[in-house]
Amino acid sequence: MPEMPTKLAEIVEEFADAPRDVVLEMLLEYADVVPPLPAGMDRDDLEQVPECQTAFFLRAEVAPDGTVTTVFDCPPEAPTTRAFAGILAEGLAGASAAQVLDVPDDLYQRMGLAQAISPLRVRGGTAILARLKRQVREQAG
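Residues numbered from 1 in each chain as written. Predicted model: local features only at pLDDT ≥ 70, side-chain atom pairs only at ≥ 80, totals over all residues. Heavy atoms only, no water.

1. Details of the pattern of salt bridges
We count it as follows: When a carboxyl oxygen of Asp or Glu lies within 4 Å of a side-chain nitrogen of Lys or Arg, that pair is called a salt bridge. Put simply, DSSP H or I for four residues or longer makes a helix, DSSP E for two residues or longer makes a strand, and each gets a number counted from the N terminus. Categorising residues by exposure relies on relative accessible area from a 1.4 Å probe, with only protein chains included: less than 20% of the type maximum marks a residue as buried, more than 50% marks it as exposed, and the intermediate range marks it as partly exposed.
Taken as a whole, this structure holds nine salt bridges when the rule is applied. Residue Arg-134 pairs with Glu-47 through a salt bridge whose shortest N-O separation is 2.8 Å. With Arg-134 in helix H6 (residues 119-140) and Glu-47 in strand E1 (residues 47-48), this pair connects stretches of sequence that are 87 residues apart. Residue class for Arg-134 comes out partly exposed when judged on its relative accessible area of 29%. What makes Glu-47 buried here is its relative accessible area of 18%. Each of Glu-47, Glu-51, Arg-131, Arg-134 and Glu-138 takes part in a single network of salt bridges with overlapping partners.

Given below as structure tokens:
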């Protein structure tokens, strides 16, 4: 039975164990780890997540060996939303399709973010994960 990727599980645990007053600070550090779009790719190649308050685009690609590559595009002026992308980019790096599909849908609640950020933002983050998983499911067959 696959489990969520180890790296993502570590990030979740780190947030869940952190004092409430530093959670937001920790979250914002992840806004800086979102890699730029790969050369030759633009927003037209990605799917928009309309549930996000800001323009957020993503794409998941499942390689023949089953590993998943994620691509995110989100403006720097939206640090919280970018942080969701950063957490997924780092936490899912090198993950298999099965591991990605095994990520719990309530990931951000498990991290304790529901107490640190607005419900609207948590909903946006949940929508990002749902779309990513749907793309992986469609490609993994």
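2. Some remarks on helix H1 (residues 6-17)
Applicable threshold: A helix's residues, less one, multiplied by 1.5 Å, set its expected span. Taking the helix axis as origin, the arc is that swept by the directions to the C-beta atoms.
If you check H1, its first and last C-alpha atoms are 16 Å apart, about what twelve residues at 1.5 Å a residue would give, namely 16 Å. Looking at H1, one finds that the buried residues are Leu-8, Ile-11, Val-12 and Phe-15. Looking straight down H1, one finds its buried side chains confined to an arc of 100°; they lie on one side. Of the exposed residues in H1, the ones pointing more than 90 degrees away from its buried face are Thr-6, Glu-13 and Asp-17.

3. Let's talk about a negative patch on the surface
To be explicit about the condition: Put simply, a patch holds well-exposed residues, over 30% relative accessible area, that have no salt bridge, with like charges counted together within 9 Å and Val, Leu, Ile, Met, Phe, Trp or Tyr side chains within 5 Å. In short, Shrake-Rupley with a 1.4 Å probe defines the accessible areas, and a residue's cover is counted only from the protein chains shown. When charges are counted, neither His nor the chain ends are considered; positive counts come from Lys and Arg and negative counts from Asp and Glu. Where a charge lies is defined by one atom per residue type, namely NZ (Lys), CZ (Arg), CG (Asp) and CD (Glu).
On the surface, a cluster of negative charge is made up of Glu-10, Glu-13, Glu-14, Asp-17, Asp-21, Glu-25, Glu-29 and Asp-32. Only H1 and helix H2 (20-29) provide two or more residues apiece to the negative patch. Sorting elements by how many residues they give to the negative patch places H1 first, with four residues. Residue position: Glu-13 is located in helix H1.

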